[in-house]
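Listed below are the residues making up each chain.
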Amino acid sequence: MKDNKTESIQKNLKNIRKALKLHMKDILGTITDSERQTVRKLVTALKENGITFSSPHFLDEVEIHSEDGSLVFAYFSHSRTTGQVSRFHLEF
């Protein structure tokens, strides 16, 4: 059974993951102008659904807040060989 506090985030998980992937590309400096517009649209749509993003401490950690009071963390992992951001992990 899903926790009610994360229900809003669960419903929007596809768009959250897409926004985080584009944020990762932005960190790497490989984002295109078209992708930058896409991420703006995604973040605006998520905001309309009561979900906001913040990165209060580090570039490789993002907090995802929803109006129902839930908080999810996204942590970015770094490649051992290149040191670049390579993936992210959601922690509910």
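Right, let's walk through the structure included here. (Residues numbered from 1 in each chain as written. Predicted model: local features only at pLDDT ≥ 70, side-chain atom pairs only at ≥ 80, totals over all residues. Heavy atoms only, no water.)

As a further point, take the sheet that holds strand β3 (residues 71-78). Here we have four strands laid out as an open sheet, ordered β1-β2-β3-β4, and antiparallel in their pairing. Strands with a single pairing partner mark the edges of an open sheet, and in this sheet they are β1 (51-54) and β4 (85-91). The sheet shows a mean angle of 20° between the axes of neighbouring strands, direction not considered. Across four bridges, the pairing between β1 and strand β2 (residues 61-66) is antiparallel. When the bridges of β2 are listed, phenylalanine 53 appears paired with isoleucine 64. Each of β1, β2, β3 and β4 touches helix α2 (residues 13-28); the most contacted strand, β4, lies at about 145° to it. (Pairing = 2+ DSSP bridges. Helix = DSSP H or I, 4+ residues; strand = E, 2+ residues; numbered from the N terminus. Axes fitted to C-alpha atoms, helices over the stretch in contact; angles between N-to-C directions. Contact = heavy atoms within 4.5 Å.)

This part takes up α2. Between the first and last C-alpha of α2 there are 23 Å, a value that for 16 residues agrees with the 22 Å anticipated at 1.5 Å per step. By the burial criterion, the buried members of α2 are Leu13, Ile16, Ala19, Leu20, Leu22 and Met24. In the core, the buried residues of α2 are packed alongside α1 (7-11), α3 (33-48), β1, β2, β3 and β4. Among the residues trailing α2, glycine 29 stands out with phi positive, at a value near 80°. (Expected span 1.5 Å × (residues − 1). Buried < 20%, exposed > 50% of the residue type's maximum accessible area, 1.4 Å probe, protein only.)

We now examine α3. Taking 1.5 Å per residue, 16 residues should reach 22 Å; α3 reaches 23 Å between its end C-alpha atoms and fits that length. Along α3, the residues classified as buried are Glu35, Val39, Leu42 and Leu46. Angular distribution of buried residues about the axis of α3 spans 60°; they occupy a single face of the element. In this structure, α3 carries Asp33, Arg40, Lys41, Lys47 and Glu48 as exposed residues pointing more than 90 degrees from its buried face. (Arc of directions from axis to C-beta.)

Looking now at the environment of lysine 21. Structurally, the position occupied by lysine 21 is in helix α2. Residue classification places lysine 21 among the partly exposed positions, given a relative accessible area of 48%.

Overall, the coordinates contain two aromatic pairs when judged by the stated rule. The interplanar angle of 20° and the centroid separation of 6.0 Å between the aromatic rings of phenylalanine 73 and tyrosine 75 together place this pair among those described as stacked. (Phe/Tyr/Trp six-rings, centres within 6.5 Å; stacked < 30°, edge-to-face > 60°.)

Counting through the fold element by element, serine 8 comes out in helix α1. A residue is classified by how much of its surface remains accessible, and serine 8, at 19% relative accessible area, is buried. Contact partners of serine 8, with chain neighbours within four places excluded, come to Asn49, Ile51, Ser66 and Asp68.

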